[in-house]
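Residues per chain, in single letters:
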Amino acid sequence: MPRTRTKAGRTACLAEMRLIMKKWKRLMAAVLVFVLGFTPVLPAKADSVEMKPYLSLGADLTKEQRKIVLSLLDVEENELSDYEVIEITNDDEHEYLDEYLSASVIGTKALSSVRIEKVGDAKGISVETKNISYCTSGMYTNALTTAGISDAEVVVAGPFEISGTAALVGAMKAYETMTGEKVSDENADAATNELVVTSDLAAEIGSDKAEQLMALAKQRIASEGVDSAEEIREVIEKAADELDVTLTDEQRKAMTDVFDKISGLNLDVDKLKQQAEDVYDKLKQLGLDAEKASGILSKIVQFFEDVADKIVSFFKNLF
C-alpha cells in the first residue's frame, strides 16, 4: 500500500510539472514575440564594414603628452600604420569655436585627441571620454548626430584634465577624411553651438538632465517638422516639464537659437532616437509608458519566482 501511494504521488507531481513547463513555454513564446516586436532588424552585413580607423591628434602635444594620449586611446606607437592620422591645430579650433567660447576657454594649444572608427549600419554612435572634464560622452553623441555623423565608435582623450570642447572639431574632421563625406558648414556650426549650450546647461542642471533635455527636444523638433521660434519654445518647455527641469529665460533663449539652426538641417530622425540612453526615453520610443513597462516586468519576474518555488516543491515531494 505505501508503495502504491508513492507511485501515485509521483504521477501527480509529474503531471503538475508538465503543466508548469507548458505554461513556461507559452510565456516564453509571448515574451519572445514582445521583444522581437520592438527589436530592429540589422542588415546581414552590418559587421562587414572594412574602413581604416582614424586618429585626430592635437598638433601641440609634446612627445610625453602624445605618449599618454595614445595609451588612453588604446593605440601603440608601432600600430600607427594601421590608422590614418591627422592633426588638429589651435587655428582649426578657433575657426569653429570663436563664435561660442572666449579665447581664454579655447586656449592656445591643441591637445584634444580622438580615435574614431566606422561601424556597421544601425550601430549608432558610442563615445568614451578620458581626461575630459567639460564635455560628457552624451554631449558628444548629441553634437555628433547633429553634425550628421552616424554609426561610429569614438574615444576622446586629453594628456591631462582638459575641457574637451575642441575634440568635436577633431572628430568631425577625422570622420570627413575617413568616409569622404563632408560635414556641411551648417551642420558643423549647429553641432558646435549645441555642444557649448549643453555644457552650459549641465553646469546648472546636471549633465544627465542636460543631455536628456537636448536629445528629447531635438528629436521632437526634427520628427514633427517644427520650424518657428514659437513652436520650438513650446517643444522645449514641454520637454523640460516632462524631465522636471526649470529653465531660465537665458537658457530658453540659448536652446531656442540652437534648435532654430537644427530645425533647418536634414537630420535622420531614426538616428536621433538612438541618442536616448535612459529607460524613460527608450520606453517612449517603444510607445510604452513607465507604468506599463513596470507592470509587464513585474509579472514576468513573479512568474519565474512562482515556477522556481514549484520546481523546488516538486523535487521535495519526489524524494
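Every value quoted in this text rests on a predicted model; they were computed, and no experiment measured them.

(A) A look at the pattern of salt bridges. Within the structure shown, the criterion is met by 10 salt bridges. A salt bridge links E77 to R66; the shortest N-O distance between them is 3.6 Å. Within this pair, whereas E77 is found in the loop between α2 (63-72) and β2 (84-88), its partner R66 is found in helix α2, the two being separated by 11 residues in sequence. D185 serves as the salt-bridge partner of K182, at 4.0 Å between the closest nitrogen and oxygen. Across the pair, exposure class does not vary: K182 and D185 are exposed alike.

(B) Here's a closer look at helix α10 (residues 249-263). Its 15 residues give α10 an end-to-end C-alpha distance of 20 Å, which sits within 8% of 21 Å, the value for a rise of 1.5 Å per residue. Residues of α10 that are buried include every one of Q251, M255, T256, V258, F259 and I262, and no others. Those residues of α10 hidden inside the fold are in contact with α5 (137-146), α7 (185-205), α8 (207-223) and α9 (229-242).

(C) A look at the sheet that holds strand β1 (residues 54-58). Spatial strand order, β2-β1-β3-β5-β4: 5 strands in an open sheet with mixed pairing. Only two strands of the sheet have a single neighbouring strand rather than two, namely β2 and β4 (125-132). For this sheet, the mean inter-axis angle between neighbouring strands, taken without regard to orientation, is 15 degrees. Summarising the sheet, β1 and β2 pair through 5 bridges and their orientation is parallel.

(D) Up close: unusual backbone geometry. Even without a glycine there, the phi angle at D74 is positive, about 60 degrees. Relative to the helices and strands, D74 resides in the loop between α2 and β2. Of note, the phi angle at N131 is positive, near 65 degrees, even though the residue is not glycine. Relative to the assigned elements, N131 resides in strand β4. For N131, a relative accessible area of 26% gives the class partly exposed.

(E) Structural detail: the environment of A167. Looking at the element boundaries, A167 is found in helix α6 (residues 167-179). Residue class for A167 comes out buried when judged on its relative accessible area of 1%. Each C-alpha atom of the pair A167 and V114 lies 6.6 Å from the other, and the pair is 53 residues apart in sequence. Sequence-distant contacts of A167, that is, excluding residues within four places in its chain, are made with S112, V114, Y140 and V156.

(F) View of a negative patch on the surface. Together, D227, E230, E231, E234 and D260 line one region of the surface with negative charge. Here the element with the most residues in the negative patch is α9; it accounts for 3 residues.

(G) Structural view of the pairing of β4. Bridging between β4 and strand β5 (residues 152-162) involves 7 bridges; their strand directions are parallel. Its bridge partner being in β5, I125 is matched across the sheet by A152. As for the winding sense of the linkage, the β-α-β connection from β4 through α5 to β5 is left-handed.

(H) Spatial organisation of the confidence of the model for the protein chain. This prediction gives the protein chain a mean pLDDT of 77; 68% of its residues lie at or above 70. Across the protein chain, the element-wise mean pLDDT spans from 42 in helix α12 (residues 279-285) up to 96 in α2. Between residues 31-49, whose pLDDT stays under 50, and residues either more than four places distant or in other chains, the model counts 14 contacts.

(I) Summary view of the pairing of strand β3 (residues 113-118). Most of β3 is tucked away, with 5 of its 6 residues classed as buried. In this structure, β1 lies alongside β3, joined through 3 bridges in antiparallel fashion. The residue bridging Y54 from the neighbouring strand is I116, located in β3. Relative to β5, β3 runs antiparallel, the two sharing 6 bridges.

(J) Inspection of helix α3 (residues 90-97) at higher detail. Of all 8 residues that make up α3, 6 are buried, and the element is covered over most of its length. Considered for burial, the residues of α3 that qualify are N90, D92, E93, H94, Y96 and L97. Each element contacted by the buried residues of α3 is listed here: β2, α4 (103-106), α6 and α7.

So, how was this worked out
- Residues numbered from 1 in each chain as written.
- Predicted model: local features only at pLDDT ≥ 70, side-chain atom pairs only at ≥ 80, totals over all residues.
- Heavy atoms only, no water.
- Salt bridge = Lys/Arg side-chain N within 4 Å of Asp/Glu carboxyl O.
- Helix = DSSP H or I, 4+ residues; strand = E, 2+ residues; numbered from the N terminus.
- Buried < 20%, exposed > 50% of the residue type's maximum accessible area, 1.4 Å probe, protein only.
- Expected span 1.5 Å × (residues − 1).
- Contact = heavy atoms within 4.5 Å.
- Pairing = 2+ DSSP bridges.
- Axes fitted to C-alpha atoms, helices over the stretch in contact; angles between N-to-C directions.
- Patch = residues over 30% accessible without salt bridge, like charges linked within 9 Å, V, L, I, M, F, W, Y side chains within 5 Å.
- Areas by Shrake-Rupley, 256 points an atom, 1.4 Å probe, with all protein chains shown as cover.
- Lys, Arg positive; Asp, Glu negative; His and termini not counted.
- Charge placed at Lys NZ, Arg CZ, Asp CG, Glu CD.
- Right-handed = clockwise from strand over helix to strand, strands pointing away.
- pLDDT = per-residue confidence, 0-100.

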